[in-house]
Structure formats: C-alpha cells, structure tokens
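Overview (structure and organization)
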Protein chains: 2
Amino acid sequence: MSGDAQISRLKPGRRTNIRRENERAILDAAEKVFAEAGFGGATMQLIADMAGLPKANLHYYFATKEDLYRKVVQQIFEIWLDAASSFDDAPGPVEGIGAYIDAKMDISRTHPHGSKVWASEVMHGAPVIQDYLETTLRDWTNGRIAVIQRWIDEGKMRPVNPRHLLYMLWATTQHYADFGHQIQTLNNGKPLSDKQWEEAKASVKDMVLRGIGAI
Amino acid sequence: MSGDAQISRLKPGRRTNIRRENERAILDAAEKVFAEAGFGGATMQLIADMAGLPKANLHYYFATKEDLYRKVVQQIFEIWLDAASSFDDAPGPVEGIGAYIDAKMDISRTHPHGSKVWASEVMHGAPVIQDYLETTLRDWTNGRIAVIQRWIDEGKMRPVNPRHLLYMLWATTQHYADFGHQIQTLNNGKPLSDKQWEEAKASVKDMVLRGIGAI
DNA sequence: CTTCACCTTGACCATACGGTCAGGAAATGA
DNA sequence: TCATTTCCTGACCGTATGGTCAAGGTGAAG
C-alpha cells in the first residue's frame with residue numbers, strides 16, 4: 001500500500017511505521033484464523049502465511065501464540081464497547097435500544113471474525129478475558145440496567161427484566177455473525193444481501209421494541 | 001472381583017453391554033472436552049482420562065478423532081430435533097412457540113456442552129455437518145416457516161418475518177448455554193438458580209410472544 | 001563511511017499429538 | 001476343556017507445532 005507520504009514524516013519515524021503496519025497485518029490475519037479454526041486449531045504458520053510474513057517474524061512482534069490471541073480479543077472488546085455508546089444520550093428505548101441494535105447488527109456484518117473469536121473465548125470459559133467480564137462488562141451491564149429501569153419507571157416501556165432484555169439483544173445481534181454460516185446455508189448458500197440485512201435489522205428491532213412495549 | 005448375585009446385567013448380553021457403556025462414557029467425556037477446548041484444542045488423551053480409559057482404548061471404539069467428533073455432533077443434532085416437535089400440534093403461537101422456548105431453554109440448561117459443540121461447529125463453517133444443514137435443518141426450517149405463516153394468515157399473530165423470528169428463538173435460547181459462563185460471571189459468579197431459570201424462561205417467552213403480537 | 005538500533009529469516013529443537021500394533025486378558029460358545 | 005471372538009493396553013512412531021537463535025540486512029544519524 002502506498003500513499004504514506006504524510007505518514008512517513010511522523011515524529012516516531014519510519015521504523016515505528018513498519019512496526020505498526022506489520023502488527024496490523026498480523027492481527028488481521030490472526031483474527032480471521034482464530035475465528036475460523038479456534039485457538040487450538042489455529043497455527044502460527046497459517047497466520048504467518050495469511051499475513052505474508054515468515055513465521056519467525058510473528059514471534060518478533062508477538063512473543064507467544066497466547067500473547068497474539070490476547071491482543072486480538074482485546075481489540076474486539078474495544079469495538080464492542082464503542083457500540084455500547086449508542087445506548088447513551090437516548091431519550092427513550094426506541095432511540096437507545098434501536099440504535100444499539102443497529103450498531104451491533106452492523107458490527108456483526110463488518111466484524112464477523114471478531115464476534116466469533118469473542119464467542120469462542122467465552123464458550124471456553126473466558127481464560128484470557130475473565131477480568132474484563134468481571135470489571136468492564138459488569139459495570140457496563142449494571143449501568144445499562146439502570147438506564148432501562150429508569151425508562152420503565154418513566155412508563156416508556158413495559159416492566160420487563162432488564163438483564164434478560166440485554167441478553168436477548170446480545171444473543172440476537174451476534175447470532176448473525178456467529179451463526180452466519182448457518183444463516184447463509186439457509187439462504188440458499190448466498191450471503192445476505194444489503195436488502196436482506198436491512199430486513200433483518202428491521203425485523204429484530206420490530207420484534208424487540210414491540211416485545212418490551214416501546215412501540 | 002467378588003461374584004455378585006446380579007444377573008440382570010447379563011441379560012442383554014455382557015459383550016454388547018461393555019461396548020455400549022464404554023462408548024457412552026467416551027461420548028460423554030468427548031462432548032465435554034470438545035465443548036471446553038474446541039476440536040483443535042481437545043486431545044484424545046484428555047478425553048481418555050476423563051472417560052477413565054487408556055487412550056488406545058478410545059481408538060478401539062472410535063477410529064479417529066474426527067470420527068468421535070462426528071458422533072458427538074450427530075448426537076446433539078438428535079436432541080435438537082426432538083425439541084422441534086414442541087412446535088407441532090400446537091393450535092397457535094402462544095402454545096407452539098411457548099413450548100419451543102421452554103424446550104430449548106431446558107436443553108440449554110441440561111446439555112450446555114452439546115450446545116457449545118454445535119455452536120463451535122457452525123462457527124467454523126460446519127465442516128462435518130454441512131449436509132445436515134442443507135437437508136434436515138433446511139427442511140425443518142421451511143416447515144416451521146409455513147406453520148408461522150399460517151398463524152399469521154389466521155390472525156393469531158402479527159405479520160413478522162418468520163425466518164428472523166426463528167433466528168431470534170435459536171439465538172436467545174442457545175445464548176443461555178453458549179454464553180453461560182458470561183451469564184454466570186454477571187450473576188456474581190454463581191450459576192442461575194432454579195428460580196432464576198424460571199425467570200429467564202418467563203422473560204424470554206414474554207418478550208418474544210409480545211413482540212410477535214401473540215399476546 | 002561507521003555506528004547502532006531495529007528488522008528479517010532459514011534452520012533448528014523439544015515436545016505433544018494422533019494414530020498403530022502386537023500381544024495378552026477375558027468372555028462366550030462347542 | 002478348548003477354540004474363537006471381543007476387549008484391553010503399554011510401547012512405539014511419524015509428524016506438526018510453538019518457539020528459539022544466530023547471522024545477516026536496512027536505514028538513518030553522526
């Protein structure tokens with residue numbers, strides 16, 4: 001890739017650039033391989049080939065396979081939390097939950113690999129991100145539960161269990177990434193089109209928002 | 001060994017019994033190990049230890065790791081389809097979908113390992129059960145879509161997209177198994193109690209059935 | 001040009017894994 | 001009793017994998 005004319009003049013220098021670009025290539029390749037083969041099934045050789053680097057070079061940037069995997073999971077967690085902001089600054093559930101569903105459905109489409117890695121990590125007992133679950137995720141969850149409860153108290157939606165509503169949101173939106181292969185198979189082997197994705201988002205929002213009495 | 005007076009054990013044939021019992025022990029251990037470590041991360045040695053048998057004995061009953069894995073997945077698929085019958089013979093969505101949610105939530109609680117193996121298999125592109133997806137699952141899905149459409153035509157529920165309703169049902173119910181660890185962490189590290197499971201089932205049914213206008 | 005910090009990589013190593021096999025034990029039937 | 005089938009298992013093997021290392025390349029600063 002060219003066009004780094006202005007980037008090459010950055011203060012950290014060319015060297016730092018090489019590092020950043022290689023780390024990015026490796027992380028992108030790793031995310032895909034970990035998603036498709038699982039941690040145990042992924043090999044450093046495969047990731048190296050996909051990143052276009054010799055295997056020994058991976059170990060120059062990432063000490064161990066676990067280290068690389070940890071970085072991939074953390075990266076996903078960042079994206080994950082960004083979508084969370086859709087929830088905030090919303091006057092009510094229609095806007096807040098609606099935007100959250102939109103954001104998470106978009107992530108399922110644009111970052112299916114990341115979603116799968118996250119799912120796999122949690123399914124295997126969250127060996128590397130357990131602390132995140134117990135701190136960041138727990139805090140975020142409790143915060144959103146409070147927001148939902150406030151909406152309920154304000155009569156903007158029915159009195160549903162906020163926690164199970166969140167689980168339903170996570171489950172349903174991530175399903176389109178994690179079980180994308182199954183969905184594609186049931187769609188005559190073809191990926192969902194732009195139109196079908198809009199239909200999916202609309203369906204999910206419609207059923208959820210009506211389910212909680214926000215419409 | 002002391003000579004027990006139990007004759008009942010010999011009735012169906014001792015040989016067949018030994019085979020059946022060992023195959024069961026191996027399959028149970030394999031389901032758990034595959035769920036917790038993934039196919040690539042699982043080792044025959046670990047499965048053997050958990051089943052209480054020497055590794056070489058596994059290969060006496062199951063030729064290869066793939067063969068054992070395939071049997072585990074098929075076994076899950078059977079349980080899966082059994083719950084599907086909840087859908088049939090129902091006069092309307094409240095009974096049909098309500099019973100289906102109950103059945104799938106129960107499976108998530110009693111067979112969490114199986115659910116995870118299934119999820120992992122699909123996430124990795126369904127390498128061994130692709131044919132099931134294209135035949136049995138596709139047929140079942142189309143059949144249920146027809147049932148849901150009939151209910152819609154009969155005015156028993158709102159005109160939602162039946163396909164996305166099914167995806168939501170699968171996603172939400174299986175989430176309690178696949179992401180059970182996350183749910184447990186957010187539940188102060190403790191598994192959901194009987195009461196909490198009832199609350200979960202009630203919440204899901206409530207939100208879904210209202211979401212489709214069946215209540 | 002020299003220096004020096006950073007980057008690159010082929011070759012190599014120890015280990016762990018899936019799978020094999022031969023020989024023996026135990027159950028069954030004649 | 002003996003013969004036959006089924007079951008059991010320690011020891012072994014080839015391979016693939018994660019990881020190491022030493023030697024060499026590269027570019028910018030002095």
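Values in this document were obtained by computation on a predicted structure and should not be read as measured data. The numbers attached to residues start from 1 for each chain and follow its sequence in the written order. Starting at A for chains and at 1 for ligands, labels are handed out in the order in which the entities are written. Predicted model: local features are reported for residues with pLDDT of at least 70 only, side-chain atom pairs are reported and counted for 80 or more only, and whole-chain, interface and lining totals are derived from all residues. Side-chain metrics rest on all non-hydrogen atoms present in the structure, leaving aside hydrogens and water.

Turning next to the nonpolar core. To define a nonpolar core, start from buried Ala, Val, Leu, Ile, Met, Phe, Trp, Tyr and Cys residues and group those joined through side-chain atoms within 4.5 Å. Here's how the labels work: a residue is buried when its accessible area is under 20% of the maximum for its type, exposed when over 50%, partly exposed in between, all with a 1.4 Å probe on protein chains only. In terms of nonpolar packing, the biggest core is built from 134 residues, with Ile97(A), Trp118(A), Leu165(A), Ile97(B), Trp118(B) and Leu165(B) touching the most fellow members. Contacts between residues were defined by any pair of non-hydrogen atoms, one from each residue, lying within 4.5 Å. With residues near it in sequence (within four places) discarded, Trp118(B) still touches Phe179(A), Gln182(A), Val73(B), Ile76(B), Phe77(B), Trp80(B), Ile129(B), Leu133(B) and Gln174(B).

Here we take up the packing of helix α4 (residues 65-84) of chain A against helix α7 (residues 130-153) of chain A. All names here are of chain A. Look at α4 against α7: their axes get within 12 Å of each other, and the N-to-C directions meet at 10°. With respect to α7, the axis of α4 lies roughly parallel. Contacts between α4 and α7 pair Gln-74, Phe-77, Trp-80, Leu-81 and Ala-84 from the former with Tyr-132, Thr-136, Leu-137, Trp-140 and Arg-144 from the latter. Classifying every residue of the contact of α4 with α7 by side-chain character gives 7 nonpolar, 2 polar and 1 charged. Inter-axis angles, ranging from 0 to 180 degrees, are taken between N-to-C directions of lines fitted to C-alpha atoms, where helices are fitted over the stretch in contact. In DSSP terms, a helix is any run of H or I states spanning at least four residues, a strand is any run of E spanning at least two, and both are numbered starting from the N terminus. Our angle categories are set so that under 35 degrees counts as roughly parallel, over 145 as roughly antiparallel, 65 to 115 as roughly perpendicular, and the remainder as oblique. Under this grouping Gly is polar, as are all residues other than the nonpolar Ala, Val, Leu, Ile, Met, Phe, Trp, Tyr, Cys and Pro and the charged Asp, Glu, Lys and Arg.

This part takes up the protein's contact with DNA strand D. Working definition: residue near molecule or strand if any one of its non-hydrogen atoms lies within 4 Å of it. Around DNA strand D, the structure places 20 residues, and the nearest of them are Lys55(A), Lys65(A), Ala56(B), Tyr60(B) and Tyr61(B). Expressed as a percentage, the sugar and phosphate content of the atoms of DNA strand D within 4 Å of the protein is 55%. Think of a polar contact as two N or O atoms within 3.5 Å of one another; within protein, one of them needs to be a possible hydrogen donor and the other a possible acceptor, and neighboring residues in sequence only count if both atoms come from side chains. In this structure, Ala42(A) approaches DNA strand D through a main-chain N or O atom, which is 3.1 Å from a phosphate oxygen. Tyr60(B) places a side-chain nitrogen or oxygen 2.6 Å from a phosphate oxygen of DNA strand D. Elements that contribute at least two residues to the surface near DNA strand D include exactly α1 (14-41), α3 (55-61) and α4 of chain A together with α1 (14-41) and α3 (55-61) of chain B. Considered class by class, the residues forming the surface near DNA strand D number 8 nonpolar, 5 polar and 7 charged.

Another point: the environment of Gln75(A). Residues and elements named next belong to chain A. Within the secondary structure, Gln-75 sits in helix α4. Between the alpha carbons of Gln-75 and Glu-31 there is a distance of 9.5 Å; along the sequence they are 44 residues apart. For Gln-75, the side chain forms a polar contact with the side chain of Glu-31, separated by 3.3 Å.

How two aromatic rings sit relative to each other is given by the distance of their centres and the angle of their planes. Any Phe, Tyr or Trp ring, taking Trp's six-membered ring, that has another such ring centre within 6.5 Å forms a pair; planes under 30 degrees apart are called stacked, those over 60 apart edge-to-face, and the others tilted. Taken as a whole and judged by the stated rule, the model has 31 aromatic pairs over all chains. Taking 6.2 Å as the distance between ring centres and 85° as the angle between the ring planes, the aromatic pair formed by Phe87(A) and Trp140(A) counts as edge-to-face. Note that Phe87(A) is positioned in the loop between α4 and α5 (93-110) and Trp140(A) in helix α7, a separation of 53 residues in sequence. Look at Phe87(A) and you get buried, because its relative accessible area is 1%. We classify Trp140(A) as buried; its relative accessible area is 9%. Ring centres 5.7 Å apart and planes at 45° place the aromatic pair Tyr167(A) and Trp170(A) in the tilted group. Here Tyr167(A) and its partner Trp170(A) are both found in helix α8 (residues 162-178), 3 residues apart, which amounts to about one turn of the helix. A relative accessible area of 0% means that Trp170(A) is categorised as buried. Three or more aromatic residues joined by ring pairs make a cluster, and in this case those are Phe77(A), Trp80(A), Phe87(A), Tyr100(A), Trp118(A), Tyr132(A), Trp140(A), Trp151(A), Tyr167(A), Trp170(A), Tyr176(B) and Trp197(B). Seen from the ring of Phe39(A), Lys65(A) lies directly overhead, with NZ or CZ sitting 4.6 Å from the centre. Charge-over-ring placement is defined geometrically: NZ (Lys) or CZ (Arg) within 6 Å of the ring centre, and within 35 degrees of the ring normal.

On to the UniProt feature "domain: HTH tetR-type" (unreviewed entry) in chain A. According to UniProt, the "domain: HTH tetR-type" (unreviewed entry) feature falls on residues 20-80 of chain A. Split by type, residues 20-80 of chain A is 87% helix and 0% strand. Its first and last C-alpha atoms lie 22 Å apart. UniProt positions are given in the numbering used here, feature names are shortened, and annotations may be inferred rather than shown by experiment.

All names here are of chain A. Domain start and end points were adopted from an automatic or database domain assignment. Splitting chain A by domain gives domain 1 (12-62) and domain 2 (72-211). Computed from C-alpha coordinates alone, the two centres of domain 1 and domain 2 are separated by 28 Å. Taken together, the contacts link 8 residues of domain 1 with 7 residues of domain 2. Buried area: the sum, over both parts, of the accessible surface (1.4 Å probe) that disappears when the two are put together. When domain 1 packs against domain 2, the two sides together hide about 710 Å² of surface, and 63% of this comes from carbon and sulfur.

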